[in-house]
Amino acid sequence: MSELPILPPGTVLRLAPGEWCGEDRVPVWDRAYICVERVHADSPEQAWVTGHAIECAYKSSDCTIPCMVLLVRVAAILRQVER
Ligand SMILES: [Zn+2]
């Protein structure tokens, strides 16, 4: 079982096709970028990441509530934290 890393708020995760799902848990075969606000474990393999699209950082005034929730493979998070 891999340990879920601590991601400081504001970390941008770059996700490759197949490394993430939407709330319907269906893997999405596209790239995704998410500016992390919170992470919580779903299972040893996957974690829910709540945050914003990176565009939100440019106009923070009109997006204050996290607008993205992705189910991300823990391996994908670890890969970017260790870098
Ligand atoms: Zn947003």
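Before reading further, recall that the structure is shown in the block above.
Just so we're clear, the structure is a prediction, and the values are computed from it rather than from any experiment. (Residues numbered from 1 in each chain as written. Predicted model: local features only at pLDDT ≥ 70, side-chain atom pairs only at ≥ 80, totals over all residues.)

Thoughts on the overall build of the protein chain
Phase 1: Looking only at helices and strands, the protein chain has one helix and five strands in total.
Phase 2: Along the protein chain, helices (α) and strands (β) appear in the sequence β-β-β-β-β-α when read from the amino end.
Phase 3: For the protein chain, whose C-alpha radius of gyration is 12 Å, the value lies close to the compact-globule estimate of 12 Å for 83 residues.
Phase 4: Viewed in the frame of its principal axes, the protein chain has a C-alpha envelope of about 40 × 25 × 20 Å.
Phase 5: Relative to its full complement of 83 residues, the protein chain shows a buried share of 20%.
Phase 6: Counted over contacts in the protein chain with a minimum sequence separation of 6, partners at least 24 positions apart contribute 50%. (Helix = DSSP H or I, 4+ residues; strand = E, 2+ residues; numbered from the N terminus. Rg over C-alpha atoms; globule rule 2.2 N^0.38 Å. Buried ≥ 20, exposed ≤ 12 C-beta atoms within 10 Å, placed from the backbone. Contact = placed C-beta atoms within 7 Å.)

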